[in-house]
Amino acid sequence: MRTEANAAATGRLSGFLENPVVGMAPWIVFSLLVGPGRFEIAVGVSLAVIVALVVAGRAVHRGGSWKLLELADVVFFAALAVIGALAGDGTLRWLETYAGEVSNLALTAIAFGSMAVRMPFTLQYARERTDPSLWHAPAFLRTNYVITGVWGLAFLVAALAGGFGDLVLRNPDNIWTGWIIQILAIVAALRFTAWYPGVVRARARGEPGPGRASLLLPLAGLLVPIGIAVLVFDGNVWWLGVALIVGGGLLTKTLQARVQD
C-alpha cells in the first residue's frame, strides 16, 4: 500500500513538473512581488522556488536533461541576487523600479527566441507527456509554437503595462499597470495553455472541441474580484468597480450557460 501511495504521489509530482507553467512560476512570482522596497524579497522567494523545482525535477526525472527555461531561471535570478547584494543605493532603486519589466522582457525574448531557433520552450515539457512517435508530428509542433507565442505576448503585455506605470504614470504600485493588467495577461495565457490542446485533439478526431466560452469563462470570473479590488484601492473610479462586478457576474452566467449547452 505504501509503495502504491508513493508511486501515485510521484506520478502527481511528475505531472506537475511537466507543465511548462511550472518553469515560468519563478518569473511570475518575481514580476508580481517586485517593487519599491521589495527587490530582495522578490529575488529571494523566486530563487527559493527555482531551487525547489530543480531539486524536485532531478528527484523525479533522474538523469533528465536541463530545460531551457530551467537554465534561464537559475542564471537570471542568481545573477539578480549577486547584483542586488553588491549594488549601491542608486542601482538598487533602479532594480526595485524596473526589474519587473526586465524580467518580463527577458521572458518575452526567451519565448520568441526559442521559436526562432525551432525549439519553442513548451516543447521540452510537452514531450515528457507525449509518446515519442508524436514528437515530430506537425500538429504537435504547431501546438507548441502557438502556446509559446501566446506566452510571449502575455509577458510582452505585462512588460508594457509595467513600463507605462513606471515611466508615464510614475507610479510602480498603480493597481492597473502593476497588478490587474499583468495578472489578466498571465491568467489568459494559463487558460489558453489548458484550452488549446483540447481544441487541436478534437480537430484531429473530426469532433467539435471546447468552445470559446470555456476559454473565456475563467477570465470573466476574474472581473468580479477585480471590481472589488478597484472599489477598495481606487475609489476615484468606484463606478468602474461596480460595472466590473455587475458585468462580470452577468458574463459569467452567460458563458456558463453556453458551456453547458
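Just so it is clear, the model here is predicted, and its values are computed rather than measured. Numbers given for residues are sequential positions, taken from 1 along each chain in its written order. Whole-chain, interface and lining totals are the exception, using all residues; otherwise, since this is a predicted model, local features are given only for residues with pLDDT of at least 70 and side-chain atom pairs are given and counted only at 80 or more. The side-chain values count all of the structure's non-hydrogen atoms but skip hydrogen atoms and water molecules.

**What to know about the overall build of the protein chain**
What counts is decided by this rule: Only DSSP runs of H or I with at least four residues qualify as helices, and only runs of E with at least two residues qualify as strands; both kinds are numbered from the N terminus onward. The atom set for the radius of gyration is the C-alpha atoms, and the globule formula is 2.2 Å times the number of residues raised to the power 0.38. Exposure categories follow from relative accessible area, calculated using a 1.4 Å probe and restricted to protein chains: below 20% of the type maximum is buried, above 50% is exposed, and the middle band is partly exposed. Computed with the Shrake-Rupley method and a 1.4 Å probe, the accessible areas treat only the protein chains shown as cover for residues. A residue counts as positive if it is Lys or Arg and as negative if it is Asp or Glu; His and the chain ends are not included. To locate a charge, take NZ of a lysine, CZ of an arginine, CG of an aspartate or CD of a glutamate.
Summing up its helical and strand segments, the protein chain has ten helices and zero strands in all. Ordering the α and β elements of the protein chain from the N terminus gives α-α-α-α-α-α-α-α-α-α. Scaling as 2.2 N^0.38, a compact globule of 261 residues should have a C-alpha radius of gyration of about 18 Å, and the protein chain matches this with 20 Å. Principal-axis analysis of the C-alpha atoms places the extent of the protein chain at approximately 55 × 50 × 45 Å. Here the protein chain holds 261 residues, and 39% of them are scored as buried. Carbon and sulfur atoms provide 68% of the accessible area of the protein chain, an area that totals close to 13900 Å². Measuring between centres, the 19 positive side-chain charges of the protein chain sit 9 Å from its 15 negative side-chain charges.

**What about the pattern of salt bridges?**
Where we set the bar: Take a side-chain nitrogen of Lys or Arg and a carboxyl oxygen of Asp or Glu: if they are within 4 Å of each other, that pair is a salt bridge.
Taken as a whole, this structure holds three salt bridges when the rule is applied. Of the charged contacts in the structure, one is a salt bridge between Lys-67 and Glu-128, with a shortest N-O distance of 2.8 Å. Taken as a pair, Lys-67 in the loop between α3 (39-60) and α4 (68-86) and Glu-128 in the loop between α6 (122-127) and α7 (138-168) lie far apart in primary sequence, 61 residues in all. Given the relative accessible area of 5%, Lys-67 is considered buried. Note on Glu-128: relative accessible area 31%, which makes it partly exposed.

**A word on the packing of aromatic side chains**
What counts, and what does not: Put simply, two rings from Phe, Tyr or Trp (the six-membered ring, in Trp's case) pair if the centres are within 6.5 Å, and we call them stacked under 30 degrees between planes, edge-to-face over 60, tilted for the rest.
The final tally for this structure, using the stated rule, is nine aromatic pairs. Taking 5.3 Å as the distance between ring centres and 70° as the angle between the ring planes, the aromatic pair formed by Phe-30 and Phe-77 counts as edge-to-face. Remark: Phe-77 occurs in helix α4 and Phe-30 occurs in helix α2 (residues 20-33); sequence separation between them is 47 residues. Each member of the pair, Phe-30 as well as Phe-77, is classed as buried.

**Quick look at empty space enclosed by the protein**
Quick reminder of the rule: Every definition here rests on a 1 Å grid over the protein atoms only: cavities are sets of points where a 1.4 Å probe fits but cannot get out, pockets are open sets enclosed by protein on both sides within 12 Å along at least five of seven lines, and lining residues have some atom within 4 Å of a point. Grid points are joined across faces, edges and corners, and a volume is the space filled by probe spheres set on the points. Here the nonpolar group is Ala, Val, Leu, Ile, Met, Phe, Trp, Tyr, Cys and Pro; Asp, Glu, Lys and Arg are the charged ones; every other residue, Gly included, is treated as polar.
What the rule picks out here adds up to two cavities of 30 Å³ or more. Quantified by volume, the largest cavity comes out at close to 160 Å³. Along the wall of the largest cavity there are 20 residues; nearest its centre are Val-34, Glu-101, Pro-172, Gly-178 and Gln-182. Counting only elements with at least two residues in the lining of the largest cavity, the list comes to α2, α5 (89-116), α7 and α8 (175-205). For the lining of the largest cavity, the class distribution of residues is five nonpolar, ten polar and five charged.

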